[in-house]
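Secondary and tertiary structure notes
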Amino acid sequence: MEKLDLNQSDKKRLIKFEHQRQTNRRLWNIDKETAHLLYFWVKSYKPKHILEIGTSNGYSTFWLAKAASYHDGIVETIEVDKNRYKMAQENLQGMVNIKMHFGLAEKIIPSLPNLYNFVFIDAGKIGYVDYLKLMLDKLDKDAVIIADNVISHSHSIQDYLQLIRKSDLFETMTLSIGAGLEISIKK
Ligand SMILES: C[S@@+](CC[C@H](N)C(=O)[O-])C[C@H]1O[C@@H](n2cnc3c(N)ncnc32)[C@H](O)[C@@H]1O
């Protein structure tokens with residue numbers, strides 16, 4: 001059970017997302033519980049600069065941006081697939097605190113000008129470790145990284161998990177919500 005501060009336009013978007021989730025099997029959206037956790041996290045801790053790696057059709061982006069809109073936070077999100085990128089552009093139309101990047105995260109991350117307070121990783125699983133390495137000098141001092149699928153795809157993500165768990169830079173823990181989240185806080 002949840003009670004969320006959603007307006008008519010949010011509800012319309014969510015109906016559309018639900019329809020797309022049910023009719024398109026190649027969107028791989030996070031589940032509702034994970035979406036709400038991201039929403040509550042961002043709404044509580046108010047990270048100003050948020051980066052998402054793996055937009056798909058924009059479902060998780062919607063929740064991050066909705067939460068960030070209460071404190072003028074900005075969400076940047078990266079997607080490499082043209083069709084899903086276009087769907088996200090349509091689905092997120094009118095949400096002014098979102099900046100979308102089209103292309104490979106590995107190419108885009110080095111060119112990003114900001115330092116980020118919150119990063120959500122949900123793209124190609126084998127790529128997680130590379131995204132992390134590229135992100136290291138893009139993290140603000142209080143940064144939090146949440147990585148999805150660390151239980152469902154633990155094998156593909158093992159390099160990422162090994163690196164972040166061994167690193168002196170982070171405190172980290174696994175949360176068995178949805179597909180499994182690794183929550184890592186920069187020390
Ligand atoms: C699991 S889906 C993202 C789901 C989305 N976060 C949501 O919950 O609505 C992963 C997305 O990452 C994209 N992707 C995979 N590898 C990528 C890469 N190297 N750079 C950018 N996007 C990538 C895929 O095209 C796919 O749309």
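As shown above, the structure is provided for reference.
For every chain, the first residue of the written sequence is number 1, and numbering continues from 1 onward in sequence order. Restriction of local features to residues with pLDDT of at least 70 applies here, the model being predicted, together with a cutoff of 80 or more for giving and counting side-chain atom pairs; totals for whole chains, interfaces and linings are based on all residues.

Description of the packing of helix α6 (residues 128-135) against helix α7 (residues 158-166)
Heads up, the condition is: Axis geometry follows a simple rule: fit a line to the C-alpha atoms, using only the stretch in contact for helices, then measure angles between N-to-C directions, giving values from 0 to 180 degrees. Numbered from the N terminus, helices here are DSSP runs of H or I no shorter than four residues, and strands are runs of E no shorter than two. We call two residues in contact when the distance between their C-beta atoms, placed using the backbone, is within 7 Å. Amino acids outside the nonpolar list (Ala, Val, Leu, Ile, Met, Phe, Trp, Tyr, Cys, Pro) and the charged list (Asp, Glu, Lys, Arg) are all regarded as polar, and Gly is one of them.
It is at 7 Å that the axes of α6 and α7 come closest, and there the two elements cross at 35°. Contact with α6, carried on its side by Tyr-128, Val-129 and Leu-132, involves Asp-159, Tyr-160, Leu-163 and Ile-164 of α7 and no other residues of that element. Partitioning the contact of α6 with α7 into residue classes produces six nonpolar, no polar and one charged.

Remarks on helix α2 (residues 32-45)
The condition is simple: Any helix carries an expected span of 1.5 Å times its number of residues minus one.
Here α2 is 14 residues long and its end C-alpha atoms lie 20 Å apart, about the 20 Å a rise of 1.5 Å per residue gives. For α2, the secondary structure elements touched by its buried residues are β1 (49-53), α3 (59-68), β4 (116-121), β5 (139-148) and β7 (181-186). Backbone geometry just downstream of α2 places Lys-46 in the positive-phi region, at approximately 55°.

What to know about the pairing of β4
The line we're drawing: In this scheme the burial state of a residue depends on its C-beta neighbours within 10 Å: 20 or more other such atoms mean buried, 12 or fewer mean exposed, and anything in between means partly exposed; the C-beta positions come from the backbone. DSSP bridges decide pairing: two strands pair if at least two such bridges lie between them. If you view a crossover with the strands going away from you and the path from the first strand over the helix to the second runs clockwise, you call it right-handed.
Most of β4 is tucked away, with six of its six residues classed as buried. Examined bridge by bridge, β1 and β4 share four bridges and lie parallel to one another. Of the residues in β4, the one forming a bridge with Leu-51 is Val-119. Where β4 meets β5, five bridges bridge the pair, whose relative direction is parallel. Among the inter-strand pairings, Ile-121 is bridged to a residue of β5, identified as Ala-147. One crossover worth recording links β4 to the parallel β5 by way of α6, and it is right-handed.

Some points on the sheet that holds strand β3 (residues 98-102)
With mixed pairing, the seven strands of this open sheet are ordered in space as β3-β2-β1-β4-β5-β7-β6. Every interior strand has two partners, whereas the edge strands, β3 and β6 (170-175), have only one. Going across the sheet, the axis of each strand differs from the next one's by a mean of 15°, ignoring polarity. Here β6 pairs with β7 via six bridges, running antiparallel.

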